Amino acid sequence: MTTQLGLPDSIRACLFDLDGVVTKTAVVHAAAWKETFDAFLRERDGADFRPFTGSDYDEYVDGRPRADGVRSFLTSRGIELPEGGPDDPADARTVNGLGNRKNELLLAKIRTDGVEPYEGTLRYIDAVRAAGLATAIVSSSANTRDVLHSIDAERLFDVRIDGVVARNRKLPGKPRPDTFLAAARDLGVEPSRAAVFEDALAGMDAGRSGHFGYVVGVDRVGQTDALYAHGADRVVKDLAELGGQA
């Protein structure tokens, strides 16, 4: 292990998730999903509906592309909806309609409350780059570029693989490793020489199945054991724990 960055000496690139790792937006995502699904379930099942929970978010939605999250959660409740299309209105009773409703709520919350970065992560990324390692942002969010711009962090990443890029390249999302593999490929490094930084269980699964050199779980919500169970080599509450001074 290096004393400066807390990573194996073989690592030449670092691949960072956005929500919950770089920015404090995972909680905002969870709130938007809850509002979306609870409204849908209330309309479908009446006042006695079973609400969307934090466990549902962790297990079925967190880290996945929007439509995949909708499908995964609905399947867990035995609910089927038509797929619809990416341009479905937010009130459409389709997979894409529900996903678009969530995105409208998310953007409204971000506009109202703004976006905050995790300062420990930004300092760590500065140290990573100062040490000569390449960096990529890897997120299922189609809003990644706008979020990074809002915190003046676009400059911190050599490569961006987000929901827009994934759709254009037809890359399946997490828990499949394809988006992380694409980031490593764009950086010109083998997966075995890249480290993944994730807070979502689906991201841990992607890191493990992609055979990356090191997988760091970031535990913001008290799920350390689950992050290890899904493939983390190390779990920290903040990337500042890994060390690194730019």
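Structure: above.
Just so we're clear, the structure is a prediction, and the values are computed from it rather than from any experiment.

**Looking at the overall build of the protein chain**
- Helix and strand counts for the protein chain come out as 10 helices and six strands.
- Since a compact globule built from 246 residues should have a radius of gyration of about 18 Å, the 18 Å found for the protein chain is in line with a globular shape.
- Counting all 246 residues of the protein chain, 55% fall into the buried class.
- In the protein chain, once contacts between residues fewer than 6 apart in sequence are set aside, the share between residues at least 24 apart is 61%.
- Total accessible area on the protein chain stands at roughly 11,100 Å², and carbon and sulfur atoms take up 47% of it.
- Once the 31 positive and 39 negative side-chain charges of the protein chain are each reduced to a mean point, those two points are 2 Å apart.

**So, the packing of aromatic side chains**
- Tallied over the full model, the rule gives eight aromatic pairs.
- Geometrically, the ring pair formed by Phe16 and Phe197 is stacked, given 4.5 Å between the ring centres and 15 degrees between the ring planes. You can see Phe16 sitting in strand E1 (residues 13-16) and its partner Phe197 sitting in strand E4 (residues 194-198), a full 181 residues away along the chain. For the residue pair Phe16 and Phe197, the accessibility class agrees, reading buried in each case.
- Between Phe37 and Phe73, the ring centres sit 4.4 Å apart and the planes meet at 45 degrees, which makes this aromatic pair tilted. Taken together, the positions of Phe37 in helix H1 (residues 26-45) and Phe73 in helix H3 (residues 66-76) put the pair 36 residues apart, joining distant regions of the chain.
- Ring pairs connect the aromatic residues Phe16, Tyr124, Phe157 and Phe197, which therefore count as one cluster.
- It is Arg220 that lies over the ring of Tyr118; its NZ or CZ is 3.4 Å from the centre.

**Points about helix H5 (residues 119-130)**
- For H5, which comprises 12 residues, the first-to-last C-alpha distance of 17 Å matches the rise-based estimate of 16 Å (1.5 Å per residue) to within 8%.
- The secondary structure elements touched by the buried residues of H5 are E1, strand E2 (134-138) and E4.
- The positive-phi residue at the C-terminal boundary of H5 is Gly132, with phi of around 90 degrees.

**Considering the pattern of salt bridges**
- Using the criterion set out here, one finds 20 salt bridges in the structure.
- For the salt bridge of Asp219 with Lys237, the shortest nitrogen-to-oxygen distance reads 3.9 Å. Remark: Lys237 occurs in the segment after strand E6 (234-236) and Asp219 occurs in the loop between strand E5 (214-218) and helix H10 (224-229); sequence separation between them is 18 residues.
- Look at Asp219 and you get buried, because its relative accessible area is 3%.
- On the basis of relative accessible area, Lys237 is assigned to the exposed category, the value being 53%.

**Points about the nonpolar core**
- Counting residues in hydrophobic clusters, the biggest one holds 35 residues, and the most contacted among them are Leu7, Phe16, Val22, Tyr124, Phe157, Phe197 and Leu239.
- Listing elements by their share of this core, those giving two or more residues are E1, H1, helix H4 (95-113), H5, helix H6 (144-150), E4 and E5.
- Looking at this core, the element that brings in the most residues is H5, giving five residues.
- Leaving out residues up to four positions away in the same chain, Phe197 has contacts with Leu7, Cys14, Leu15, Phe16, Asp17, Val21, Tyr124, Val216, Leu239 and Leu242.
- Core analysis: the second largest hydrophobic core is formed by 26 residues, Ala13, Ile161, Ala183 and Leu201 among them.

Cut-offs used in this document
- Every residue gets a number counted from 1 within its own chain, in the order that chain's sequence is written.
- Per-residue local features of the predicted model are confined to residues with pLDDT of at least 70, and side-chain atom pairs are confined, for both listing and counting, to 80 or more; whole-chain, interface and lining totals are unaffected and use all residues.
- No hydrogens and no water enter the side-chain calculation; it runs on all heavy atoms of the structure.
- Starting at the N terminus, helices and strands are each numbered in turn, a helix being any DSSP run of H or I of at least four residues and a strand any DSSP run of E of at least two.
- The atom set for the radius of gyration is the C-alpha atoms, and the globule formula is 2.2 Å times the number of residues raised to the power 0.38.
- Any residue under 20% of the maximum accessible area for its type is buried, any over 50% is exposed, and the rest in between are partly exposed; the area is computed with a 1.4 Å probe on protein chains only.
- Contacts: residue pairs with any heavy atoms within 4.5 Å of one another.
- To measure how exposed things are, a 1.4 Å probe is used in the Shrake-Rupley method; for residues, cover is taken only from the protein chains shown.
- His is not counted, nor are the chain ends, whereas Lys and Arg count as positive and Asp and Glu as negative.
- Each charge is placed at NZ for Lys, CZ for Arg, CG for Asp and CD for Glu.
- Pairing of aromatic rings covers Phe, Tyr and Trp, the last counted by its six-membered ring, and requires centre-to-centre distances within 6.5 Å; plane angles under 30 degrees mean stacked, over 60 mean edge-to-face, and any other angle means tilted.
- Think of it as a cone above the ring: NZ of Lys or CZ of Arg counts as a charge over the ring if it is within 6 Å of the ring centre and within 35 degrees of the ring normal.
- Under the convention used throughout, the expected extent of a helix is 1.5 Å for every residue step, that is, one less than its residue count.
- Take a side-chain nitrogen of Lys or Arg and a carboxyl oxygen of Asp or Glu: if they are within 4 Å of each other, that pair is a salt bridge.
- What is meant by a nonpolar core is a set of buried Ala, Val, Leu, Ile, Met, Phe, Trp, Tyr and Cys residues, joined one to another through side-chain atoms within 4.5 Å.

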